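Chain and residue survey
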Amino acid sequence: MDDLQYGTRNKRGDWAPNQPAETAPLFALPPRLMAILKWLPHYFFPWNVIFAASAVAYWAWVIPPKETMQTFAIGWIAWLYAVNAICVLFFYGAFELHLYVLKRQENRFKYNGKFPAEQKSKAFWFESQNLDNMLRTFLSGVTVWTAVEVAMLWAYANGYAPWLSFTENPWTLAVVALVVPIIHEFHFFCIHRLIHTPFLYKWVHSVHHNSVNPSPWSSLSMHPVEHLLYFGTAFYHLILPSSPILMLYQLHYAGFGAIPGHVGFDKVEIGEDKLVNSHAYAHYLHHKYFEVNYGDALIPLDKWFGTWHDGTPEGEARMQERYRKRKEKLAARKARVEVRRAAQ
Ligand SMILES: [Zn+2]
Ligand SMILES: [Zn+2]
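Residues numbered from 1 in each chain as written. Chains lettered and ligands numbered in written order. Predicted model: local features only at pLDDT ≥ 70, side-chain atom pairs only at ≥ 80, totals over all residues.

Points about the overall build of the protein
Helix and strand counts for the protein stand at 13 helices and four strands. Residues counted as buried form 37% of the 344 residues belonging to the protein. Considering only residue pairs separated by 6 or more positions, the protein has 67% of its internal contacts joining residues 24 or more positions apart. (Helix = DSSP H or I, 4+ residues; strand = E, 2+ residues; numbered from the N terminus. Buried ≥ 20, exposed ≤ 12 C-beta atoms within 10 Å, placed from the backbone. Contact = placed C-beta atoms within 7 Å.)

Overview of the domain arrangement of the protein
The domain architecture assigned to the protein consists of domain 1 (41-304) and domain 2 (312-344). Here the C-alpha centroids of domain 1 and domain 2 sit 36 Å apart. (Domains from an automatic or database assignment.)

Topic: the pairing of strand E4 (residues 274-277)
In terms of strand pairing, strand E3 (residues 267-270) meets E4 through four bridges, oriented antiparallel. What sits directly across from Val268, in E4, is Val276. From the end of E3 to the start of E4, which pair antiparallel, there are three residues, and Gly271 there has a positive phi angle of about 65°. (Pairing = 2+ DSSP bridges.)

Considerations on the UniProt feature "domain: Fatty acid hydroxylase" (unreviewed entry) in the protein
With numbering aligned to this structure, UniProt lists the feature "domain: Fatty acid hydroxylase" (unreviewed entry) at residues 178-307. Helix makes up 52% of residues 178-307 and strand makes up 6%, while its end C-alpha atoms are separated by 26 Å. (UniProt positions renumbered as here; feature names shortened; annotations may be inferred.)

As for the environment of Ile77
As for its position among the elements, Ile77 is in helix H4 (residues 74-101). The class for Ile77 is partly exposed, based on 18 C-beta atoms found within 10 Å. For the pair Ile77 and Thr146, spaced 69 residues apart in sequence, the C-alpha separation works out to 7.6 Å. Contact partners of Ile77, with chain neighbours within four places excluded, come to Phe72, Thr146 and Val150.

Thoughts on the UniProt feature "transmembrane region" (unreviewed entry) in the protein
Under the feature "transmembrane region" (unreviewed entry), the UniProt entry names residues 43-61, 73-95, 138-157 and 169-191. Annotated as residues 138-157, this span is 100% helix and 0% strand, and its ends, taken at the C-alpha atoms, are 27 Å apart. The annotated region residues 169-191 carries 96% helix and 0% strand content, and the separation between its end C-alpha atoms amounts to 31 Å.

Quick look at the packing of helix H5 (residues 129-157) against helix H9 (residues 244-255)
Between H5 and H9, whose axes approach to 11 Å, the crossing angle comes to 170°. When the axes of H5 and H9 are compared, the pair comes out roughly antiparallel. Here Trp145, Val148, Glu149, Met152, Leu153 and Tyr156 of H5 lie close against H9, whose contacting residues are Pro244, Met247, Leu251 and Gly255. Across the contact of H5 with H9, the residue classes tally to eight nonpolar, one polar and one charged. (Axes fitted to C-alpha atoms, helices over the stretch in contact; angles between N-to-C directions. Parallel < 35°, antiparallel > 145°, perpendicular 65-115°, else oblique. Nonpolar A, V, L, I, M, F, W, Y, C, P; charged D, E, K, R; others polar.)

Digging into the environment of Ala60
Mapped onto the elements of the fold, Ala60 is located in helix H2 (residues 47-61). Placed 158 residues apart in sequence, Ala60 and Ser218 show a C-alpha to C-alpha distance of 30 Å.

Some remarks on unusual backbone geometry
For residues that are not glycine, phi is negative in most cases, and the peptide bond is trans in most cases. With an omega of -5°, the peptide bond running from Leu29 to Pro30 counts as cis. Counting through the fold element by element, Pro30 comes out in the loop between strand E2 (15-17) and helix H1 (33-44). In this structure, the amide linkage connecting Phe45 to the following residue, Pro46, adopts the cis form with an omega of -10°. Its location among the elements puts Pro46 in the loop between H1 and H2. The backbone of Phe290 shows a phi angle near 70°, a positive value even though the residue is not glycine. The residue Phe290 is located in the loop between helix H11 (281-289) and helix H12 (301-304) in this model. Judged by the 14 C-beta atoms lying within 10 Å of it, Phe290 is partly exposed.

Here we look at the packing of H2 against H9
Where H2 meets H9, the closest approach of the two axes is 8 Å, and the angle between their N-to-C directions is 130°. Classed by the angle they form, the pair H2 and H9 counts as oblique. Of the two elements, H2 crosses H9, and the hand of that crossing is right-handed. Counting all contacts with H2, which are made through Phe51, Ala52, Ser54, Ala55, Val56, Tyr58 and Trp59, the residues of H9 involved are Pro244, Ile245, Leu248, Tyr249, His252 and Tyr253. (Left-handed = near helix turned anticlockwise from the far one by under 90°.)

So, the nonpolar core
The biggest cluster of nonpolar side chains holds 58 residues, and the ones touching the most others in it are Phe51, Val148, Met152, Phe231, Tyr249 and Leu251. At eight residues, H5 tops the list of elements feeding residues into this core. Not counting residues within four places of it along the chain, the set of residues in contact with Phe51 comprises Tyr249, His252, Tyr253, Phe256 and Gly257. (Core = buried A, V, L, I, M, F, W, Y, C linked by C-beta atoms within 7 Å.)

As for helix H7 (residues 198-209)
Taking 1.5 Å of rise per residue, twelve residues should cover 16 Å, yet H7 covers just 13 Å from first to last C-alpha, more than 12% shy of that figure. The set of residues buried in H7 consists of Val204, His205, Val207 and His208. Buried residues in H7, looked at end-on, bunch into an arc of 130°, giving them a common side. Among the exposed residues of H7, those pointing more than 90 degrees away from its buried face are Pro198 and Lys202. As for H7, its buried residues are in contact with helix H8 (224-231). (Expected span 1.5 Å × (residues − 1). Arc of directions from axis to C-beta.)

Here it is in C-alpha coordinates:
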(Lines give C-alpha, C1' and ligand atoms only; values in the text may rest on other atoms or scores of the structure.)
(Ligands and ions follow the chains in the order given, each with its own letter.)
Protein backbone atom coordinates (compact mmCIF):
# COMPACT_ATOMS: atom_id res chain seq x y z
CA MET A 1 0.00 0.00 0.00
CA ASP A 2 1.48 3.36 -1.06
CA ASP A 3 0.54 5.92 1.58
CA LEU A 4 2.11 8.73 -0.48
CA GLN A 5 -0.91 8.54 -2.79
CA TYR A 6 -2.90 9.89 0.14
CA GLY A 7 -0.44 12.24 1.83
CA THR A 8 3.13 13.41 2.22
CA ARG A 9 6.01 12.50 4.54
CA ASN A 10 8.45 15.10 5.84
CA LYS A 11 12.16 14.76 6.66
CA ARG A 12 11.40 13.56 10.19
CA GLY A 13 9.25 10.78 8.78
CA ASP A 14 5.93 12.30 9.90
CA TRP A 15 3.09 11.59 7.49
CA ALA A 16 0.27 14.10 6.88
CA PRO A 17 -2.85 13.56 4.77
CA ASN A 18 -3.42 15.60 1.58
CA GLN A 19 -7.00 16.17 2.62
CA PRO A 20 -7.42 18.61 5.51
CA ALA A 21 -9.30 17.39 8.60
CA GLU A 22 -13.00 18.05 8.16
CA THR A 23 -15.90 18.59 10.52
CA ALA A 24 -18.97 16.43 9.90
CA PRO A 25 -21.57 18.19 7.71
CA LEU A 26 -24.40 17.38 10.14
CA PHE A 27 -24.61 20.84 11.71
CA ALA A 28 -23.14 22.89 8.84
CA LEU A 29 -24.98 26.06 7.93
CA PRO A 30 -26.57 26.44 5.45
CA PRO A 31 -27.60 22.73 5.52
CA ARG A 32 -25.79 20.59 2.94
CA LEU A 33 -28.15 17.71 2.27
CA MET A 34 -26.02 15.90 -0.32
CA ALA A 35 -22.94 16.14 1.89
CA ILE A 36 -24.92 14.72 4.82
CA LEU A 37 -26.18 11.80 2.71
CA LYS A 38 -22.65 11.05 1.51
CA TRP A 39 -21.28 11.24 5.04
CA LEU A 40 -24.09 9.25 6.70
CA PRO A 41 -22.60 5.74 6.24
CA HIS A 42 -19.49 6.93 8.13
CA TYR A 43 -21.74 7.81 11.04
CA PHE A 44 -22.44 4.09 11.45
CA PHE A 45 -19.57 2.14 9.89
CA PRO A 46 -17.45 0.74 11.18
CA TRP A 47 -16.91 2.35 14.57
CA ASN A 48 -20.35 3.23 15.94
CA VAL A 49 -21.80 -0.13 14.90
CA ILE A 50 -19.01 -1.88 16.84
CA PHE A 51 -19.69 0.16 20.01
CA ALA A 52 -23.47 -0.32 19.74
CA ALA A 53 -23.11 -4.07 19.05
CA SER A 54 -20.81 -4.45 22.04
CA ALA A 55 -23.49 -2.83 24.24
CA VAL A 56 -26.10 -5.32 22.96
CA ALA A 57 -23.67 -8.19 23.59
CA TYR A 58 -23.10 -6.94 27.14
CA TRP A 59 -26.84 -6.81 27.75
CA ALA A 60 -27.26 -10.34 26.42
CA TRP A 61 -24.31 -12.05 28.10
CA VAL A 62 -22.69 -9.89 30.77
CA ILE A 63 -25.15 -7.71 32.68
CA PRO A 64 -26.65 -9.55 35.69
CA PRO A 65 -30.42 -9.81 36.32
CA LYS A 66 -32.26 -6.72 37.59
CA GLU A 67 -32.79 -8.20 41.09
CA THR A 68 -29.04 -8.75 41.52
CA MET A 69 -28.30 -5.14 40.61
CA GLN A 70 -30.75 -3.69 43.13
CA THR A 71 -28.10 -3.94 45.82
CA PHE A 72 -24.38 -3.31 45.58
CA ALA A 73 -22.41 -6.51 46.06
CA ILE A 74 -18.79 -7.31 45.36
CA GLY A 75 -19.64 -10.35 43.18
CA TRP A 76 -21.37 -8.65 40.25
CA ILE A 77 -19.25 -5.51 40.51
CA ALA A 78 -16.00 -7.51 40.31
CA TRP A 79 -17.49 -9.50 37.41
CA LEU A 80 -18.19 -6.28 35.47
CA TYR A 81 -14.69 -4.95 36.18
CA ALA A 82 -13.20 -8.23 34.94
CA VAL A 83 -15.22 -8.24 31.71
CA ASN A 84 -14.46 -4.57 31.01
CA ALA A 85 -10.75 -5.15 31.65
CA ILE A 86 -10.64 -8.21 29.38
CA CYS A 87 -12.52 -6.40 26.59
CA VAL A 88 -10.16 -3.40 26.85
CA LEU A 89 -7.16 -5.72 26.87
CA PHE A 90 -8.34 -7.43 23.67
CA PHE A 91 -9.71 -4.39 21.82
CA TYR A 92 -6.88 -1.98 22.66
CA GLY A 93 -4.37 -4.82 22.55
CA ALA A 94 -5.43 -5.78 19.01
CA PHE A 95 -4.50 -2.31 17.69
CA GLU A 96 -1.31 -2.24 19.76
CA LEU A 97 -0.25 -5.67 18.52
CA HIS A 98 -1.14 -5.02 14.87
CA LEU A 99 0.35 -1.52 14.58
CA TYR A 100 2.94 -1.09 17.32
CA VAL A 101 4.30 -4.52 18.28
CA LEU A 102 4.24 -6.47 15.01
CA LYS A 103 4.29 -3.16 13.07
CA ARG A 104 2.37 -4.83 10.27
CA GLN A 105 2.06 -1.57 8.31
CA GLU A 106 5.40 -0.12 9.51
CA ASN A 107 5.01 3.67 9.45
CA ARG A 108 2.56 3.87 6.57
CA PHE A 109 -0.16 6.46 7.37
CA LYS A 110 1.52 7.18 10.73
CA TYR A 111 1.29 10.85 11.72
CA ASN A 112 4.37 10.78 13.93
CA GLY A 113 7.23 8.86 12.31
CA LYS A 114 8.53 7.64 15.68
CA PHE A 115 7.13 4.86 17.83
CA PRO A 116 6.66 5.65 21.55
CA ALA A 117 8.72 2.59 22.57
CA GLU A 118 11.78 4.20 20.88
CA GLN A 119 11.65 7.23 23.19
CA LYS A 120 12.12 7.13 26.96
CA SER A 121 10.68 10.05 28.89
CA LYS A 122 10.77 11.07 32.54
CA ALA A 123 7.17 12.30 32.21
CA PHE A 124 5.99 8.68 32.40
CA TRP A 125 5.95 6.11 35.18
CA PHE A 126 9.03 3.90 34.71
CA GLU A 127 10.01 6.30 31.89
CA SER A 128 7.87 4.19 29.56
CA GLN A 129 4.84 5.60 27.76
CA ASN A 130 3.40 2.14 27.18
CA LEU A 131 3.73 0.92 30.74
CA ASP A 132 2.48 4.21 32.21
CA ASN A 133 -0.49 4.35 29.82
CA MET A 134 -1.46 0.70 30.41
CA LEU A 135 -1.28 1.02 34.19
CA ARG A 136 -3.41 4.17 34.19
CA THR A 137 -5.92 2.44 31.89
CA PHE A 138 -6.42 -0.54 34.19
CA LEU A 139 -5.87 1.08 37.60
CA SER A 140 -8.18 4.04 37.26
CA GLY A 141 -9.63 3.98 33.71
CA VAL A 142 -11.46 0.66 33.82
CA THR A 143 -12.20 1.17 37.54
CA VAL A 144 -14.00 4.49 37.04
CA TRP A 145 -15.72 3.14 33.90
CA THR A 146 -17.01 0.19 35.95
CA ALA A 147 -18.02 2.42 38.88
CA VAL A 148 -20.14 4.66 36.63
CA GLU A 149 -21.61 1.57 34.94
CA VAL A 150 -22.48 0.00 38.30
CA ALA A 151 -24.05 3.24 39.61
CA MET A 152 -26.19 3.59 36.49
CA LEU A 153 -27.28 -0.08 36.45
CA TRP A 154 -28.17 0.16 40.15
CA ALA A 155 -30.23 3.31 39.38
CA TYR A 156 -32.08 1.48 36.58
CA ALA A 157 -32.68 -1.60 38.74
CA ASN A 158 -34.21 0.55 41.49
CA GLY A 159 -36.35 2.71 39.20
CA TYR A 160 -34.29 5.89 39.59
CA ALA A 161 -33.65 6.29 35.84
CA PRO A 162 -36.27 6.33 33.05
CA TRP A 163 -36.23 2.85 31.46
CA LEU A 164 -38.22 2.50 28.25
CA SER A 165 -38.78 -0.84 26.55
CA PHE A 166 -37.80 -1.38 22.93
CA THR A 167 -41.14 -3.02 22.12
CA GLU A 168 -43.27 -0.15 23.48
CA ASN A 169 -41.10 2.84 22.51
CA PRO A 170 -38.99 1.78 19.52
CA TRP A 171 -38.95 5.21 17.86
CA THR A 172 -37.99 7.17 20.95
CA LEU A 173 -35.16 4.75 21.66
CA ALA A 174 -34.05 4.81 18.00
CA VAL A 175 -33.73 8.60 18.20
CA VAL A 176 -31.80 8.40 21.50
CA ALA A 177 -29.50 5.76 19.94
CA LEU A 178 -28.80 8.11 17.03
CA VAL A 179 -28.09 10.97 19.41
CA VAL A 180 -25.61 9.03 21.60
CA PRO A 181 -22.53 10.16 19.59
CA ILE A 182 -23.81 13.75 19.59
CA ILE A 183 -24.24 13.68 23.40
CA HIS A 184 -20.70 12.34 23.65
CA GLU A 185 -19.30 15.08 21.41
CA PHE A 186 -21.09 17.85 23.32
CA HIS A 187 -20.09 16.45 26.71
CA PHE A 188 -16.49 15.75 25.68
CA PHE A 189 -16.02 19.23 24.24
CA CYS A 190 -17.35 20.87 27.43
CA ILE A 191 -15.28 18.84 29.91
CA HIS A 192 -12.23 18.95 27.67
CA ARG A 193 -12.38 22.74 27.39
CA LEU A 194 -12.86 22.88 31.18
CA ILE A 195 -9.78 20.79 31.96
CA HIS A 196 -7.69 22.97 29.66
CA THR A 197 -8.10 25.86 32.13
CA PRO A 198 -4.72 26.44 33.85
CA PHE A 199 -5.39 24.88 37.28
CA LEU A 200 -7.16 21.76 36.01
CA TYR A 201 -4.68 21.38 33.17
CA LYS A 202 -1.76 21.35 35.57
CA TRP A 203 -3.25 18.92 38.08
CA VAL A 204 -5.51 16.77 35.92
CA HIS A 205 -5.32 16.91 32.13
CA SER A 206 -1.54 17.17 31.73
CA VAL A 207 -1.42 13.41 32.47
CA HIS A 208 -3.25 12.69 29.21
CA HIS A 209 -1.11 15.19 27.32
CA ASN A 210 2.14 13.54 28.37
CA SER A 211 1.50 11.37 25.31
CA VAL A 212 2.43 13.92 22.65
CA ASN A 213 2.79 11.00 20.25
CA PRO A 214 -0.33 8.99 21.18
CA SER A 215 -0.68 5.25 20.69
CA PRO A 216 -3.62 2.91 21.48
CA TRP A 217 -2.83 2.73 25.21
CA SER A 218 -2.89 6.54 25.44
CA SER A 219 -6.66 6.49 24.85
CA LEU A 220 -7.61 6.07 28.50
CA SER A 221 -4.36 7.27 30.02
CA MET A 222 -5.87 10.01 32.16
CA HIS A 223 -5.97 11.35 35.69
CA PRO A 224 -8.80 9.71 37.73
CA VAL A 225 -10.65 13.05 37.87
CA GLU A 226 -10.62 13.18 34.08
CA HIS A 227 -11.85 9.57 33.97
CA LEU A 228 -14.81 10.54 36.13
CA LEU A 229 -15.64 13.58 34.00
CA TYR A 230 -15.14 11.58 30.80
CA PHE A 231 -17.32 8.60 31.75
CA GLY A 232 -19.83 11.00 33.37
CA THR A 233 -21.36 11.12 29.89
CA ALA A 234 -23.47 8.12 31.01
CA PHE A 235 -25.28 10.28 33.59
CA TYR A 236 -27.28 12.04 30.83
CA HIS A 237 -29.32 8.81 30.81
CA LEU A 238 -30.56 9.58 34.33
CA ILE A 239 -32.87 12.14 32.75
CA LEU A 240 -33.20 10.99 29.13
CA PRO A 241 -36.00 8.60 28.18
CA SER A 242 -33.59 5.75 27.53
CA SER A 243 -32.68 2.16 28.33
CA PRO A 244 -29.72 0.46 30.05
CA ILE A 245 -28.60 -0.82 26.63
CA LEU A 246 -28.28 2.73 25.31
CA MET A 247 -26.55 3.81 28.51
CA LEU A 248 -24.05 0.99 27.88
CA TYR A 249 -23.67 2.18 24.27
CA GLN A 250 -22.89 5.65 25.65
CA LEU A 251 -20.23 4.19 27.95
CA HIS A 252 -18.74 2.00 25.22
CA TYR A 253 -18.70 4.99 22.87
CA ALA A 254 -16.47 6.69 25.45
CA GLY A 255 -14.46 3.65 26.57
CA PHE A 256 -13.85 1.80 23.31
CA GLY A 257 -14.47 4.90 21.21
CA ALA A 258 -11.35 6.59 22.56
CA ILE A 259 -9.29 4.16 20.49
CA PRO A 260 -9.71 5.54 16.94
CA GLY A 261 -8.63 9.05 18.02
CA HIS A 262 -5.40 7.81 19.58
CA VAL A 263 -4.41 5.06 17.21
CA GLY A 264 -1.71 7.31 15.70
CA PHE A 265 -2.41 6.20 12.13
CA ASP A 266 -4.72 7.94 9.65
CA LYS A 267 -5.78 4.66 8.11
CA VAL A 268 -5.55 1.11 9.33
CA GLU A 269 -4.71 -1.40 6.60
CA ILE A 270 -6.86 -4.51 6.67
CA GLY A 271 -5.49 -7.25 4.44
CA GLU A 272 -3.99 -6.31 1.06
CA ASP A 273 -6.11 -3.43 -0.12
CA LYS A 274 -8.71 -2.44 2.46
CA LEU A 275 -8.28 0.77 4.46
CA VAL A 276 -10.27 1.83 7.50
CA ASN A 277 -10.26 5.54 8.32
CA SER A 278 -9.48 6.33 11.94
CA HIS A 279 -10.66 9.99 11.67
CA ALA A 280 -7.87 10.64 14.19
CA TYR A 281 -6.17 13.59 12.51
CA ALA A 282 -8.05 16.33 14.40
CA HIS A 283 -7.31 14.74 17.79
CA TYR A 284 -3.72 13.99 16.78
CA LEU A 285 -3.31 17.72 16.11
CA HIS A 286 -4.75 18.36 19.57
CA HIS A 287 -2.04 16.18 21.12
CA LYS A 288 0.57 17.97 19.01
CA TYR A 289 -0.53 21.59 19.53
CA PHE A 290 -2.57 21.30 22.79
CA GLU A 291 -4.88 24.31 22.31
CA VAL A 292 -6.78 23.36 19.16
CA ASN A 293 -9.49 20.80 18.35
CA TYR A 294 -11.08 20.27 21.77
CA GLY A 295 -13.84 18.25 20.11
CA ASP A 296 -13.86 15.40 17.62
CA ALA A 297 -15.55 17.41 14.84
CA LEU A 298 -18.95 15.71 14.87
CA ILE A 299 -20.40 19.08 15.94
CA PRO A 300 -18.30 21.97 14.54
CA LEU A 301 -17.84 23.42 18.04
CA ASP A 302 -14.16 24.22 17.45
CA LYS A 303 -15.09 26.17 14.32
CA TRP A 304 -17.72 28.11 16.27
CA PHE A 305 -15.26 28.91 19.07
CA GLY A 306 -12.32 29.64 16.75
CA THR A 307 -10.12 26.74 17.88
CA TRP A 308 -10.34 24.55 14.75
CA HIS A 309 -7.09 23.34 13.15
CA ASP A 310 -7.45 21.25 10.00
CA GLY A 311 -3.74 20.53 9.53
CA THR A 312 -3.27 23.00 6.62
CA PRO A 313 -0.93 26.03 6.58
CA GLU A 314 -4.08 28.21 6.86
CA GLY A 315 -5.08 26.29 10.00
CA GLU A 316 -1.56 26.81 11.36
CA ALA A 317 -1.74 30.55 10.59
CA ARG A 318 -5.09 30.85 12.39
CA MET A 319 -3.59 29.15 15.45
CA GLN A 320 -0.51 31.40 15.45
CA GLU A 321 -2.72 34.49 15.08
CA ARG A 322 -4.76 33.37 18.09
CA TYR A 323 -1.60 32.86 20.17
CA ARG A 324 -0.31 36.29 19.09
CA LYS A 325 -3.57 38.01 20.12
CA ARG A 326 -3.54 36.24 23.48
CA LYS A 327 0.05 37.25 24.12
CA GLU A 328 -0.83 40.87 23.29
CA LYS A 329 -3.79 40.75 25.64
CA LEU A 330 -1.65 39.34 28.47
CA ALA A 331 1.07 41.96 27.86
CA ALA A 332 -1.53 44.76 27.89
CA ARG A 333 -2.99 43.47 31.15
CA LYS A 334 0.47 43.29 32.72
CA ALA A 335 1.23 46.84 31.59
CA ARG A 336 -2.03 48.12 33.10
CA VAL A 337 -1.20 46.47 36.45
CA GLU A 338 2.26 48.03 36.44
CA VAL A 339 0.88 51.52 35.67
CA ARG A 340 -1.62 51.15 38.53
CA ARG A 341 1.13 50.00 40.89
CA ALA A 342 3.37 52.95 39.95
CA ALA A 343 0.49 55.38 40.58
CA GLN A 344 -0.10 54.08 44.11
ZN1 LIG B 1 -6.35 12.45 23.60
ZN1 LIG C 1 -6.54 18.10 25.84
